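# Chain and residue survey
What follows is each chain in one-letter form.
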Amino acid sequence: MEMRWNLAALYPSLDSEELKRDLEMAIHEIEQIKKWTELELNSSENAVRKIEDYLKMQISFLNRYNRLYHFGELTLSVEAKNEKALKTVERLEELGTELKEPNVKFQKWLSQISNLDQLIPTSPNLKEHRFYLQELVEKSRYLLSDKEEVVLAKMKNTGSSAWSKLQELLTSTLLVDITIDGEDKQLPLPVVRNMAYDANPTVRKTAYEAELKAYRKIEESSAASLNGIKGEVITESKMRGYTSPLEKTLIDSRMDQKILDAMLTAIRESLPSFHRFYRKKAEMLGHQNGLPFYDLFAPIGKVDKKYTYEEARDFIVTHFRQFSDRLADFAEHAFTHQWIDAEPREGKRGGAFCSNLHEIKESRILSNFTGSFSDVTTLAHELGHAYHGACLAEESILNSDYPMPLAETASIFCETIVKNAALEQAEEEEALFILENDISDAGQVIVDIYSRFLFESEVFKRREEGSLSVDELKEVMLNAQKEAYGNGLDHQYLHPYMWVCKPHYYFADYNFYNFPYAFGLLFAKGLYAEYLKRGKEFVKEYDQLLSVTGKMKIADVTKTMGIDVTQVDFWRNSLKLIEQDIETFVNISSK
Ligand SMILES: [Zn+2]
């Protein structure tokens, strides 16, 4: 079976006439939109026709632009050194920013139309894009004057963006001094951090100690960088009229505080179960006082089972079919029609992702398949993303953009189908391995994410008063870890520098880039629990839910299935599934 994807459905090649023509057309369309906003937006006369025109132009442009961009980006992801692809992508990124000004202009104009709610039902086109239009209006209150917007955008290039580039540079060039097998070495940070998964306990501990020591070389510059970014975020969010940076993240996520509070309450209640898991794992590894941070990812149990690519496909398709024919047929189609690039090779990027190509109603998946069980679940995960795209295919491109907390719904759901199937078939040792892996992953998304939320909340609070010193940042991090991990971790061996190595704290436009992960996991688990309860009738509602994720607030999306995410009980039920896994794990491993 072919293990490389085929991108011909987008363009024949980077030099093709089709691509050149589309690029020219895209540039032309940008000019057109600019001119149009200059000419038409001086009065609110004929508002309906004007909105219709704008929507039409946007849709046409976005479809073309995304097609070009996806082709460049996907090519680059398997050919890192393809300069032509790189140039194309850079060119498109530049072009993309040119629309910011006319788009803001339209947004302001739209927000001044007082009877918009009455106008929308008079046009099918407006009606279809009701949510999109209303969101533009709602968000317009946080816009500044045209001049201020320009100044802010320019100052950010030398402010938060520069700080975050510095941080990336510091962590990506940091070399860690480490002694392995009696040999002194200098290794890149990711290589050393990856040793946390090593089967040899000495390697894990040595790597942890070397890693912590290495951060001293960059702690002062990292702290300056973090203080700079968080300070700017506070200033900007005040200028724009947000009550806090967290409020901005919630608005961007289309959810409100009540949902977050309900989820956090349930998470806090579940912590003792996770602590129990960590203490059990500690015991199995011979520790007395809870798990040292360096053994969080230590492998337990083992699997020797390897899958060929064909076996992986069969395994996934077979178990997807127990859920629905549509999902199974979809996955089969993706495998046979070369939507997947699974072959590891030089010049191809690591990890895995899925790109929804809404413009051609297809998706492409990149993975690096080596035959391990986790490679199989990764494929299932990415196929879930692709399936989400398929459920959105008939929606307008302006209704296909879902918020971060809903982004992992379909992927984790599909992953759960496959993992549960594997667990049912596994022998004891293998079952222990799968379970432990799964709980560890969940622990990262629940417990560690909770510690990150606590850390970031405290940093924002203190940053209001002034900069935080390195010692203060370390202290805040340790407190957050103690609160989240409780007696699950050995407090002698925590990780005071997590704020240096996690890039999320340094994205000025995405603050609290942590709780959406917990939302994603728990929402998918909650849906899975519903599926177990409702059986076949769930399937249709599930597809329907995925299809509206780009055009409703989160609470309304979940309501389509009768799920109320403002209720703590919904989150409790999701966490119960993980707690049951912990129970099973403790029982098997105590035998
Ligand atoms: Zn994902």
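Scroll up to find the structure this text is about.
Anyway, here's the lowdown on the structure attached to this text. (Residues numbered from 1 in each chain as written. Predicted model: local features only at pLDDT ≥ 70, side-chain atom pairs only at ≥ 80, totals over all residues. Heavy atoms only, no water.)

### Quick look at the overall build of the protein chain
Helix and strand counts for the protein chain stand at 26 helices and five strands. Here the protein chain has a C-alpha radius of gyration of 25 Å; the compact-globule value for 591 residues is 25 Å, and the two agree. Projected onto its principal axes, the C-alpha coordinates of the protein chain cover approximately 75 × 60 × 50 Å. Buried positions account for 54% of the 591 residues belonging to the protein chain. Sequence separation of 24 or more characterises 76% of the internal contacts of the protein chain that already satisfy a separation of 6 or more. (Helix = DSSP H or I, 4+ residues; strand = E, 2+ residues; numbered from the N terminus. Rg over C-alpha atoms; globule rule 2.2 N^0.38 Å. Buried < 20%, exposed > 50% of the residue type's maximum accessible area, 1.4 Å probe, protein only. Contact = heavy atoms within 4.5 Å.)

### Some points on a negative patch on the surface
A cluster of acidic residues, Glu73, Glu90, Glu93 and Glu94, forms a negative patch at the surface. At three residues, helix H3 (residues 83–97) tops the list of elements feeding residues into the negative patch. Along the chain, Glu94 turns up in helix H3. (Patch = residues over 30% accessible without salt bridge, like charges linked within 9 Å, V, L, I, M, F, W, Y side chains within 5 Å. Areas by Shrake-Rupley, 256 points an atom, 1.4 Å probe, with all protein chains shown as cover. Salt bridge = Lys/Arg side-chain N within 4 Å of Asp/Glu carboxyl O. Lys, Arg positive; Asp, Glu negative; His and termini not counted. Charge placed at Lys NZ, Arg CZ, Asp CG, Glu CD.)

### Focus: the coordination of the zinc ion
Donor atoms from the polypeptide that bind the zinc ion are His381 (NE2), His385 (NE2), Glu408 (OE) and Glu408 (OE), placed at 2.1 to 2.7 Å. Its four donor atoms give the zinc ion angles of 52 to 139° at the centre, a pattern that matches the irregular case. Positions of the donor residues of the zinc ion along the chain correspond to the pattern H-x3-H-x22-E. Separated by 23 residues along the polypeptide, His385 in helix H17 (residues 373–391) and Glu408 in the loop between helix H18 (404–407) and helix H19 (409–425) bring together distant segments of the chain. Overall, the relative accessible area of 26% leaves Glu408 in the partly exposed class. (Donors = N, O, S within 2.8 Å, 3.2 Å for Na, K, Ca; no water. Tetrahedral: all angles 85-135°; square planar, octahedral: opposite > 155°, others 65-115°.)

### Topic: the packing of helix H1 (residues 17–40) against helix H2 (residues 47–78)
Two elements in contact, H1 and H2, have axes whose closest approach is 10 Å; the angle formed by their N-to-C orientations is 150°. Relative to H2, H1 is oriented roughly antiparallel. Two packed elements cross with a definite hand, and for H1 against H2 that hand is left-handed. Between H1 and H2, the contacting residues are Leu19, Asp22, Leu23, Met25, Ala26, Glu29, Ile30, Ile33, Trp36 and Glu40 on the first element and Arg49, Lys50, Asp53, Tyr54, Met57, Gln58, Ser60, Phe61, Arg64, Arg67, Leu68 and Phe71 on the second. (Axes fitted to C-alpha atoms, helices over the stretch in contact; angles between N-to-C directions. Parallel < 35°, antiparallel > 145°, perpendicular 65-115°, else oblique. Left-handed = near helix turned anticlockwise from the far one by under 90°.)

### A short note on a nonpolar patch on the surface
Where nonpolar side chains cluster on the molecular surface, the patch consists of Trp163, Leu166 and Leu169 and spans about 260 Å² of accessible area. By the secondary structure assignment, Leu166 is in helix H9 (residues 160–173).

### Looking at the packing of aromatic side chains
Scanning all chains against the criterion turns up 45 aromatic pairs. Ring centres of Phe519 and Trp571 lie 5.1 Å apart, and the angle between their planes is 65°; on these two criteria the pair is classed as edge-to-face. You can see Phe519 sitting in helix H23 (residues 515–534) and its partner Trp571 sitting in helix H26 (residues 568–590), a full 52 residues away along the chain. Judged by its relative accessible area of 0%, Phe519 falls in the buried class. By way of ring pairs, the aromatic residues Phe323, Phe413, Tyr528, Tyr531, Phe538 and Tyr542 are connected into one cluster. The positively charged end of Arg67 is found above the aromatic ring belonging to Tyr11, 5.5 Å away from the centroid. (Phe/Tyr/Trp six-rings, centres within 6.5 Å; stacked < 30°, edge-to-face > 60°. Lys NZ or Arg CZ within 6 Å of the ring centre and 35° of its normal.)

### Some remarks on helix H8 (residues 146–158)
Glu149, Leu152 and Lys156 are the residues of H8 that are buried. Viewed along the axis of H8, the buried residues span an arc of 65°, placing them on a single side of the element. Counted as exposed and oriented over 90 degrees from the buried face of H8: Lys147, Lys154, Met155, Asn157 and Thr158. Of the surrounding secondary structure, the elements contacted by the buried residues of H8 are H9 and helix H12 (219–240). (Arc of directions from axis to C-beta.)

### Side note on the sheet that holds strand E4 (residues 353–357)
The strand order E3-E5-E4 describes an open sheet built from three strands, whose pairing is mixed. Bordering the open sheet on either side are strand E3 (340–341) and E4, each of which pairs with just one other strand. Here E4 pairs with strand E5 (residues 362–366) via five bridges, running antiparallel. By the bridge assignment, Phe353 is partnered in E5 with Leu366. H2 contacts E3, E4 and E5 of the sheet and is inclined by roughly 160° relative to E4. (Pairing = 2+ DSSP bridges.)

### Describing the nonpolar core
It is characteristic of soluble globular proteins that their nonpolar side chains tend to be buried jointly. Judged by nonpolar contacts, the single largest core of 144 residues is most densely connected at Phe320, Ile340, Phe455, Trp499 and Trp571. With 16 residues, helix H20 (residues 428–463) is the largest single contributor of residues to this core. The contacts of Phe320, once residues within four sequence positions are left out, are Leu327, Ala328, Ala331, Ala380, Leu383, Cys414, Ile417 and Val418. Counting residues in each nonpolar core, the second largest holds 47 residues, with Trp36, Ala47, Tyr65 and Ile113 among its members. (Core = buried A, V, L, I, M, F, W, Y, C linked by side-chain atoms within 4.5 Å.)

### Thoughts on the environment of Arg349
Here Arg349 is to be found in the loop between E3 and E4. Owing to a relative accessible area of 42%, Arg349 belongs among the partly exposed residues under this scheme. With 19 residues separating them along the chain, Arg349 and Asn368 place their C-alpha atoms 8.6 Å apart. In contact with Arg349, other than residues within four places in its own chain, are Ser77, Leu366 and Asn368.

From the geometry alone we can't say anything about function, so treat these as descriptive.
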